[in-house]
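# Structural characterization, general
What follows is the residue order along each chain.
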Amino acid sequence: MAQLYFKYGTMNSGKSIDILKVAHNYEEEGKPVLLMTSSLDTREGVGVVASRIGIKHDAVAIDDTLQVFAYVAALPEKPACILIDEAQFLTKQNVLDFAKIVDELNIPVMAYGLKNNFKNELFEGSEHLLLYADKIEEVKTICWYCSKKAIMVLRTHDGKPVYEGPEVQIGGNESYIPVCRKHYNHPEAD
């Protein structure tokens, strides 16, 4: 029985490498997978799932015009699994479509993304995945300042914390770091 999974974690928790590992395992067994990612993430180009360790895989870019359920239903070959990177950027409708894919097409969907933004508020996609997912798992990593579990993302600019601004600003280690609650509020603290 197919299920909708939401695997969330902070930046640098290994979400993308996990997607690529799962895709590789399916493909090694001769089972087709469909990789999807937000068109907003252009760090490696549109429609690319890439890990910080250098592994990449082409993916279908999800933008405002893609009708997710219709797209998957029309595929000539049914994928064994759908893997989604940057799931925090999904819309409520995207999440409902993925739930419908699970329920009506019996295709498992694994969505990976951030839970909260740099303001420590839920992203739209994450909020609805938390509501609709059959299984929710945390992908863990540690705070850059201490050894506690990182549960938040701190946006930085020139090494200084940023707590205001637009929700979406695509970036990597130069802009975002995983932190615990203490170091989110006081990055200079010991």
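Above this text you will find the structure in question.
Before going into details, it helps to say that this report is about the structure given with it. The structure presented is a predicted model; accordingly, all values stated were derived computationally and were not measured.

## A few points about the overall build of the protein chain
The helix and strand inventory of the protein chain stands at five helices and eleven strands. A compact globule built from 190 residues would reach a C-alpha radius of gyration of about 16 Å, and the protein chain, at 17 Å, matches this within 12%. Principal-axis analysis of the C-alpha atoms gives the protein chain an extent of 55 × 30 × 30 Å. The burial tally for the protein chain puts 48% of its 190 residues in the buried class. Of the contacts formed within the protein chain by residues at least 6 apart in sequence, a portion of 72% connects residues at least 24 apart. Where the 20 positive side-chain charges of the protein chain centre and where its 27 negative ones centre are 7 Å apart.

## A short note on the sheet that holds strand 10 (residues 160-162)
Across the sheet, three strands lie side by side as 10-9-11; this open sheet has antiparallel pairing. Looking along the sheet, the strands with just one partner apiece sit at the ends: strand 10 and strand 11 (176-179). With direction set aside, neighbouring strand axes in the sheet form an average angle of 50°.

## Considering the pairing of strand 2 (residues 33-38)
With six of its six residues buried, strand 2 lies for the most part within the structure. Residue alternation in strand 2 divides its side chains into two sets, Val33, Leu35 and Thr37 and Leu34, Met36 and Ser38, and both sets are buried. In terms of strand pairing, strand 2 meets strand 6 (residues 81-85) through five bridges, oriented parallel. Within strand 6, the position partnered with Thr37 by the bridge is Asp85. Direction of pairing for strand 2 relative to strand 5 (residues 60-62): parallel, over a ladder of three bridges. Each residue of the ladder has a partner; that of Met36, found in strand 5, is Val60.

## Observations regarding the sheet that holds strand 6
Spatial ordering of the open sheet is given by 5-2-6-7-1-8, a layout of six strands whose pairing is parallel. Unpaired on one side and paired on the other, strand 5 and strand 8 (135-138) mark the two borders of the sheet. If you compare each strand with its neighbour and ignore which way they point, the axes differ by 20° on average. With three bridges connecting them, strand 6 and strand 7 (residues 109-113) associate as parallel partners. Residue Ile82 lies in a different strand from strand 7, and its bridge partner there is Val109.

## A word on the pairing of strand 9 (residues 152-157)
In terms of burial, strand 9 is largely enclosed, as five of its six residues are buried. Two elements, strand 9 and strand 11, share four bridges in a ladder whose sense is antiparallel. From the neighbouring strand, Met152 faces strand 11, where its bridge partner is Val179. Counting the residues in the hairpin turn of strand 9 and strand 10 gives two residues, including Asp158, whose phi is positive at 55°.

## What about the side chain of Ser13?
Looking at where Ser13 falls in the secondary structure, it is placed in the loop between strand 1 (4-8) and helix 1 (15-28). Side-chain polar atoms of Ser13 contact the backbone oxygen of Thr10, separated by 2.8 Å.

So, how was this worked out
- Residues numbered from 1 in each chain as written.
- Predicted model: local features only at pLDDT ≥ 70, side-chain atom pairs only at ≥ 80, totals over all residues.
- Heavy atoms only, no water.
- Helix = DSSP H or I, 4+ residues; strand = E, 2+ residues; numbered from the N terminus.
- Rg over C-alpha atoms; globule rule 2.2 N^0.38 Å.
- Buried < 20%, exposed > 50% of the residue type's maximum accessible area, 1.4 Å probe, protein only.
- Contact = heavy atoms within 4.5 Å.
- Lys, Arg positive; Asp, Glu negative; His and termini not counted.
- Charge placed at Lys NZ, Arg CZ, Asp CG, Glu CD.
- Pairing = 2+ DSSP bridges.
- Axes fitted to C-alpha atoms, helices over the stretch in contact; angles between N-to-C directions.
- Polar contact = N/O pair within 3.5 Å; in protein donor to acceptor, adjacent residues only side chain to side chain.

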